[in-house]
Every structure is written in C-alpha cells, then in structure tokens.
Amino acid sequence: MAEMSQSLPDAKLLEILESQGYRELVSAHLFAGGVRLAPSIDDKHMLAEHAREELSHFEIVATLYEQVAGRGLYDVVAARASTLPTPASWLEIAVAAYLVDRAAAVQLAAYQKLGDPRLEKLIHKILDHEHEHQAAAETALLDQCSGPSSRGDLARNHVARWYPLARSVMDAPASNATAFADSVRPTLTECGLAIPGDPAA
Ligand SMILES: [Fe+2]
Ligand SMILES: [Fe+2]
C-alpha cells in the first residue's frame, strides 16, 4: 500500500461523522419523498430501497460516532437534515437526487484520502450501495432529458435550485466544489444543461 494509514484526532473524526450522517439522512429523505412522485411501481420500489440503504448508511455512521463520542448521532443532525427542501415533481427528484448523490460521493472520495483506518472501513461499507445509486440517478436524469423539449427549461430551473443545495451538503473546501463540478459536468452537458456559472449556462 502506497499510503500510510494515519488516525485522525477524535474531534476531527466526529466532525466528519456528523457531516456524513447528515448527508445520509438527507439522501434518505430525498429518495423516500420520491416514492410518491415516481411514475411506475418499479421506480417506487427502487427509491424505497435506496431510501432504506441510505438509512442503513446512517446507522453505520452512527455506530462509529457512538463508539467514539459516547452519545447518539441522530439528535445532532436531524434538525439540519430536515431543512433541505422537498422536490415537488419527478423531474425535480431526478435532478436533486442526481446532484446530491454526486456531491455525497465527491465528499466520500475526499474523506478516503485522509487515510484514517476507521473512516476507511466505514466508507468501504457505504460505497457498496453508492455505485448503484449513482447509476440509477444518472439513468433517471438522462431519461427525463431525452423527453419533450419543454422539460429542458424546467430541468434548467431545477439545476439552478439544486446545484447550490447539493454543494451545500459538502464540507467547505474549494477542492470539493471543483471536484463536484468536474463530476457532474459530462452528464449535465449530455442533458443539454450546464452548471450555473459555467460559460455555457
Ligand atoms: Fe449513502
Ligand atoms: Fe446514495
């Protein structure tokens, strides 16, 4: 292994776990809200399943948090998680779930570089489901974009709303913002959409 593993101070680890627990709850809420708006039974099943998986990620994060902090994680993050808006249409769900899931993935990748073995183990368990979430969110978005052209304008509004919200679920470093933009740009472009602030927007 090229990288030496190195433990973070507990206070830093707890800060990261609070941030991660918040993102898992936010993702669970987004997917669960999508069950109502999904156009088919298969889509409803998929979203309900993804919501459950996000809740199980929350449990994984909370377990480590409790071990280190000696207190529960839910009360620490629940109020903040409930402030994220709820999408009102299937198209908005597709945009929001895609962007928020990507932001969460970019953040996890940044944590992975920290080399803390406790974090490493946790991320490994979470990533198990995340590949599928990302593929599904991307497919749903591309599917919506290939529909009637009037959807393009609607999708643009959703991107304008959810791009900054998705960025806000990540930690502050500018490197996250850049990595996030790079990670969503190809799919948005394929959809005829652009990142707010990009020259093509
Ligand atoms: Fe997750
Ligand atoms: Fe996910």
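What you see is a predicted model, and the numbers here were worked out from it, not measured in a lab. (Residues numbered from 1 in each chain as written. Chains lettered and ligands numbered in written order. Predicted model: local features only at pLDDT ≥ 70, side-chain atom pairs only at ≥ 80, totals over all residues.)

## Brief notes about the overall build of the protein chain
Summing up its helical and strand segments, the protein chain has seven helices and zero strands in all. In terms of overall size, the protein chain behaves like a compact globule, its C-alpha atoms giving a radius of gyration of 17 Å where 201 residues would be expected to give roughly 17 Å. When contacts within the protein chain are restricted to residue pairs at least 6 apart in sequence, those whose partners lie at least 24 apart make up 79%. (Helix = DSSP H or I, 4+ residues; strand = E, 2+ residues; numbered from the N terminus. Rg over C-alpha atoms; globule rule 2.2 N^0.38 Å. Contact = placed C-beta atoms within 7 Å.)

## Observations concerning the packing of helix H4 (residues 90-112) against helix H7 (residues 174-190)
Contact pair H4 / H7: the axes reach a minimum separation of 9 Å and the direction vectors enclose 130°. Classed by the angle they form, the pair H4 and H7 counts as oblique. H7 is crossed by H4, and the crossing has right-handed handedness. Within the contact between the two elements, H4 uses Leu99, Arg102, Ala103, Val106, Gln107 and Ala110 and H7 uses Asn176, Ala179, Phe180, Ser183 and Val184. (Axes fitted to C-alpha atoms, helices over the stretch in contact; angles between N-to-C directions. Parallel < 35°, antiparallel > 145°, perpendicular 65-115°, else oblique. Left-handed = near helix turned anticlockwise from the far one by under 90°.)

## Observations regarding the environment of arginine 23
Within the secondary structure layout, arginine 23 lies in helix H1 (residues 10-37). Taking the number of C-beta atoms within 10 Å as the measure of exposure, arginine 23 has 27 and is therefore buried. As for arginine 23 and valine 100, which are separated by 77 residues in sequence, their C-alpha atoms are 8.6 Å apart. Other than its neighbours up to four places away in sequence, arginine 23 contacts Ala104, Gln107 and Val169. (Buried ≥ 20, exposed ≤ 12 C-beta atoms within 10 Å, placed from the backbone.)

## A few points about H4
Given a rise of 1.5 Å per residue, 23 residues ought to cover 33 Å, and the 32 Å separating the end C-alpha atoms of H4 matches this to within 8%. By the criterion of burial, H4 is predominantly enclosed, with 17 of the 23 residues buried. (Expected span 1.5 Å × (residues − 1).)

## As for the nonpolar core
The nonpolar side chains of a soluble globular protein tend to be buried with one another. Core analysis: the biggest nonpolar cluster contains 50 residues, and Val95, Ala97, Leu99, Val100 and Ala103 have the highest contact counts within it. Of all the secondary structure elements, the ones that give two or more residues to this core are H1, helix H2 (41-69), H4, helix H5 (117-145), helix H6 (150-168) and H7. Tallying contributions element by element places H4 first for this core, with 13 residues. Setting aside anything within four residues of it in sequence, one finds valine 95 in contact with Leu141, Ala155, His158, Val159 and Trp162. (Core = buried A, V, L, I, M, F, W, Y, C linked by C-beta atoms within 7 Å.)

## Quick look at the confidence of the model for the protein chain
Per-residue confidence for the protein chain gives a mean pLDDT of 91; residues scoring 70 or more make up 95%. Mean pLDDT across the secondary structure elements of the protein chain bottoms out at H5, with 87, and peaks at helix H3 (residues 74-81), with 97. (pLDDT = per-residue confidence, 0-100.)

## Let's talk about H2
Here H2 contains 29 residues, and its C-alpha end-to-end distance of 41 Å stays within 8% of the 42 Å for a straight helix at 1.5 Å per residue. Buried within H2 are the following residues: Leu47, His50, Glu53, Glu54, His57, Phe58, Val61, Ala62, Leu64 and Tyr65. A positive phi of about 75° marks glycine 70, the residue just after H2.

## Some thoughts on the environment of leucine 64
When you line up the elements, leucine 64 lands in helix H2. Among the residues examined, leucine 64 registers 20 C-beta atoms within 10 Å and is labelled buried. Along the sequence, leucine 64 and alanine 94 sit 30 residues apart, while their C-alpha atoms lie 31 Å from each other. Here leucine 64 is in contact with Leu17, Arg118 and Leu122, once residues within four sequence places are set aside.

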